[in-house]
Amino acid sequence: MKVATFNANSLRSRLHIVLPWVGANQPDILCIQETKVQDHEFPIDVIAETGYQTIFCGEKKYNGVAILSRCELNDIVFGLDDEPKDPARLICARLESTWILNTYIPQGRARDSEMFAYKLRWFERLKIFLNRRFTPTDRILWMGDFNVARDERDVYDPKRLWGHVCYCQEVQDVLQDLMDWGFIDLFRQFCEEPGHYTFWDYRMPRALQQNLGWRLDYIMATQSVAIKAMACQIDTKARAFEKPSDHTFLVAEFDF
DNA sequence: ATGGTCGGCAACCGA
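Residues numbered from 1 in each chain as written. Chains lettered and ligands numbered in written order. Predicted model: local features only at pLDDT ≥ 70, side-chain atom pairs only at ≥ 80, totals over all residues. Heavy atoms only, no water.

Asker: Tell me what's going on with the pattern of salt bridges, and back it up with residues and numbers.
Answerer: On inspection of all chains with the given rule, the structure shows 18 salt bridges. Here Glu41 makes a salt bridge to Arg12, at a shortest N to O gap of 3.8 Å. Pair noted here: Glu41 is in the loop between strand E2 (29-33) and helix H2 (44-48) and Arg12 is in the loop between strand E1 (2-7) and helix H1 (15-25), with a separation of 29 residues, a long-range link. Judged by relative accessible area, which is 36%, Glu41 ranks as partly exposed. Across the pair Arg188 and Asp154 runs a salt bridge whose closest N-O atoms are separated by 2.9 Å. One end of the pair, Arg188, is in helix H6 (residues 186-190); the other, Asp154, is in the loop between strand E8 (140-145) and helix H4 (158-161), and 34 residues separate them in sequence. Note on Asp154: relative accessible area 0%, which makes it buried. Connected through salt bridges with shared partners, the residues Arg150, Asp154, Asp185, Arg188 and Arg215 form a single ionic network. (Salt bridge = Lys/Arg side-chain N within 4 Å of Asp/Glu carboxyl O. Helix = DSSP H or I, 4+ residues; strand = E, 2+ residues; numbered from the N terminus. Buried < 20%, exposed > 50% of the residue type's maximum accessible area, 1.4 Å probe, protein only.)

Asker: Before we move on, can you summarise the sheet that holds strand E11 (residues 229-235) with the specific residues and values?
Answerer: The six strands lie next to each other as E3-E4-E2-E1-E12-E11, forming an open sheet whose pairing is mixed. Both edges of this open sheet fall to strand E3 (53-57) and E11, since each of them pairs with a single strand only. If you compare each strand with its neighbour and ignore which way they point, the axes differ by 15 degrees on average. For E11 and strand E12 (residues 249-254), the ladder comprises six bridges, and the chain directions are antiparallel. Paired with Asp235 across the strands is Phe249, a residue of E12. (Pairing = 2+ DSSP bridges. Axes fitted to C-alpha atoms, helices over the stretch in contact; angles between N-to-C directions.)

Asker: Could you give an account of the protein's contact with DNA strand B, with specific residues and numbers?
Answerer: Inspection of the region around DNA strand B gives 17 residues, with Ser10, Arg14, Arg109, Arg160 and Arg203 positioned closest. Considering the 4 Å shell around the protein, atoms of DNA strand B inside it are sugar or phosphate in 53% of instances. The separation between a base nitrogen of DNA strand B and a polar main-chain atom of Arg203 is 3.1 Å. When the residues that make up the surface near DNA strand B are grouped by side-chain class, the tally is four nonpolar, four polar and nine charged. (Near = heavy atom within 4 Å. Polar contact = N/O pair within 3.5 Å; in protein donor to acceptor, adjacent residues only side chain to side chain. Nonpolar A, V, L, I, M, F, W, Y, C, P; charged D, E, K, R; others polar.)

Asker: If you had to explain the sheet that holds strand E7 (residues 98-104) to someone new, which residues and values would you point to?
Answerer: Taken in spatial order, the six strands make up an open sheet running E5-E6-E7-E8-E10-E9, and their pairing is mixed. Only two strands of the sheet have a single partner each, and these edge strands are strand E5 (74-78) and strand E9 (184-185). Sitting on the sheet, helix H3 (residues 114-133) touches E5, strand E6 (90-95), E7 and E8, and the angle it makes with E7 is about 165 degrees. (Contact = heavy atoms within 4.5 Å.)

Asker: A description of the environment of Phe190 should follow, citing residues and the corresponding values.
Answerer: Within the secondary structure, Phe190 sits in helix H6. For Phe190, a relative accessible area of 37% corresponds to the partly exposed category. Phe190 has contacts with Ala229, Met230, Ala231 and Cys232, leaving out every residue within four places of it along the chain.

Geometric descriptors of this kind do not, in isolation, establish any biological role.
And the structure:
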C-alpha cells in the first residue's frame, strides 16, 4: 500500500504534474488539496484514463479536496460536521479497513484575523469529527496540507519566522492536541533531521534552489497503521517542472 | 513580520 498527498494549487493547471506522477509512482491513494475547481468542472475523465477513480468536493476559486484511488472507496464524508457552508476542506473515506482522511486546513492569514481564530477552531472541530466516528485504535491515515510547521526543524529560519500563522505556539498546540488523540507523524518517524520541506513559497525568488521551505504537509497514522509503515519520503524531484506547484508530494509506503 | 508570484477569473482575494 502506497499513499501520497499533494497541494496542487489548482488541479486543472497541474494535470501535467499529477497525471505523470501517478503513472510513474502508482500510489494506491493520492490526496489532493486546493483543487480550485467546482464539481461540475472536475476533470474526472482524464484521471479515469490513468486507471484511478476520484472522489472530490470543490467550490469556485478556493479550497477543494480530492482523493484519487485505484480501489473502491466507501462511507464517504465531505466536510466537517455542522458546517455545510465550507465542505471543500475535508474528505474522508474508507478503503477496506483503513480510513483515509484528507484535509486542507485553513492557512489563517494573520494572527489577529478572524481567519486565524477559524483555523484554531477548525482543529478543535476536527477532533469532534474524529471522536464521533472513530477511536484511536481504528486504522486511520490523516493527511494533507495542515498549514502548521511542528517545530524548528520544519522551517528554513525558525527565529525569524516564529509568530507566523503557520509557525507559532497556538497552531503547534492544537495540532499536538490532535496527535495526542492518537496520531504519529510518519515523516518524523523515519527522519529526525531539520531542513526537509514540502512547501517553498514561490513569491520568494529561488526559494527551492536555496531550500527556503516549510514542512506544512503531513501523513499522520494511528498506531495500528504506523507500525506497518516502511517508508515516508518527500518527493523533491517532482518540483522540477516548468509550472510547479509550490508544494510537493509526500509519500508513505506500508506492508499491507 | 514584510515583499515576492501565482491561479482564478475578470477586480481583487487567498496563499
